[in-house]
Amino acid sequence: MPVGTIERVGRTTNNILAAFGDFFIFTARTFAWLFVAGFRPKNLRLVLPQMYEVGVRSVPVVGVTGAFIGMVLAIESITQFRTIGQEQRLGSVINLSVVKQIGPVLAAVMLAGRIGGALTAELGTMNVTEQLDALRVMGSDPIRYLVVPRLIACVLLTPVLTIYSDLLGVLGGWLVSTKFLGVPSGPYWFYSAQAVDNCQIMPGLIKSIFFGAAIGLVSCYKGFNCGPGANGVGRACTESFVTSFIAIIILNFFFAQVAKEWYLAIYGQRSIFA
């Protein structure tokens, strides 16, 4: 039993390390092609359809998610603010939470579920039906032709969708706070403007770029390395979403730490109740 357990642990560890190595090689090849040929004008015909798929078709789900998150934050927070007589400052907490954390993370998670699964299924089906091998036989690198346009679309449009999610979250919180919870609109926006500035907004947009890159790379990698048959494609789609979600959460942790240290170094301690 001890020997068998050690063998299983060693085999699992070896497989995990091999998978990480394969992913880093895949990422290196992707970025090599990205800088060599990714921004050539003739490649726009490959990027534009992916931008439509990633951006335009994701607008409804990202907008609905952002709006209702702002509404929920208003409903959940109003009781505590009224307890201390500070309901006029409700907007500062809602909008700060939306633009710094909730908006970028939820937009990325929605994209990981909608776009990540679609990319993995599409490329996985091409892998199973040997279309990727056909591209290699014709002398075209599948990474340049298939992965790079999808990565560019994810990196460029995730910040745009994050802005859209933030805007809908802010408007949703304002709508519920002022129209249903009785918070005056003027003080709501006044205290929101005091709490939310460019240094609060930019970290969310910057990390959304990395979220988009993580979604694109993980989804394409899982599609390129899926198992045989429909079962393999379905398992790859599930692994793609789970891995992308974990990557988003881990990246968000490190960006939160960096952004906090950067903000404290520049501005020091500031309170939204000052």
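For the structure itself, look to the data block above.
Residues numbered from 1 in each chain as written. Predicted model: local features only at pLDDT ≥ 70, side-chain atom pairs only at ≥ 80, totals over all residues. Heavy atoms only, no water.

Focus: helix α1 (residues 2-37)
Heads up, the condition is: A run of H or I in DSSP counts as a helix once it spans at least four residues, and a run of E counts as a strand once it spans at least two, with each numbered from the N terminus. The span you would expect from a helix comes to 1.5 Å times its residue count less one. Per-residue accessibility, obtained with a 1.4 Å probe over protein chains only, is compared with the maximum for each type, and a residue is labelled buried under 20%, exposed over 50%, and partly exposed between these values.
Taking 1.5 Å as the rise per residue, α1 with 36 residues should run 52 Å; its terminal C-alpha atoms sit 52 Å apart, in good agreement. Burial in α1 covers these residues: Phe23, Phe26, Thr27, Thr30, Leu34 and Ala37.

A closer look at unusual backbone geometry
Look at glutamate 130: it is not a glycine, yet its phi comes out positive at around 65 degrees. Note that glutamate 130 resides in the loop between α4 (90-128) and α5 (131-137). Judged by relative accessible area, which is 53%, glutamate 130 ranks as exposed.

Comments concerning the environment of glycine 234
Relative to the elements of secondary structure, glycine 234 occurs in helix α9 (residues 229-267). On the basis of relative accessible area, glycine 234 is assigned to the partly exposed category, the value being 35%. When the C-alpha atoms of glycine 234 and arginine 57 are compared, they prove to be 22 Å apart, with 177 residues separating the residues in sequence.

Some details on the packing of aromatic side chains
Selection criterion: Put simply, two rings from Phe, Tyr or Trp (the six-membered ring, in Trp's case) pair if the centres are within 6.5 Å, and we call them stacked under 30 degrees between planes, edge-to-face over 60, tilted for the rest.
Counted according to the given criterion, the structure contains twelve aromatic pairs. Note on phenylalanine 23 and tyrosine 221: the rings are 5.4 Å apart at their centroids and 85 degrees apart in plane angle, and the pair reads as edge-to-face. One end of the pair, phenylalanine 23, is in helix α1; the other, tyrosine 221, is in helix α8 (residues 198-224), and 198 residues separate them in sequence. Relative accessible area serves as the criterion here: at 10%, tyrosine 221 is assigned to the buried category. Each member of the aromatic cluster is reached from another via a ring pair, and the members are Phe20, Phe23, Phe24, Phe26, Tyr221 and Phe224.

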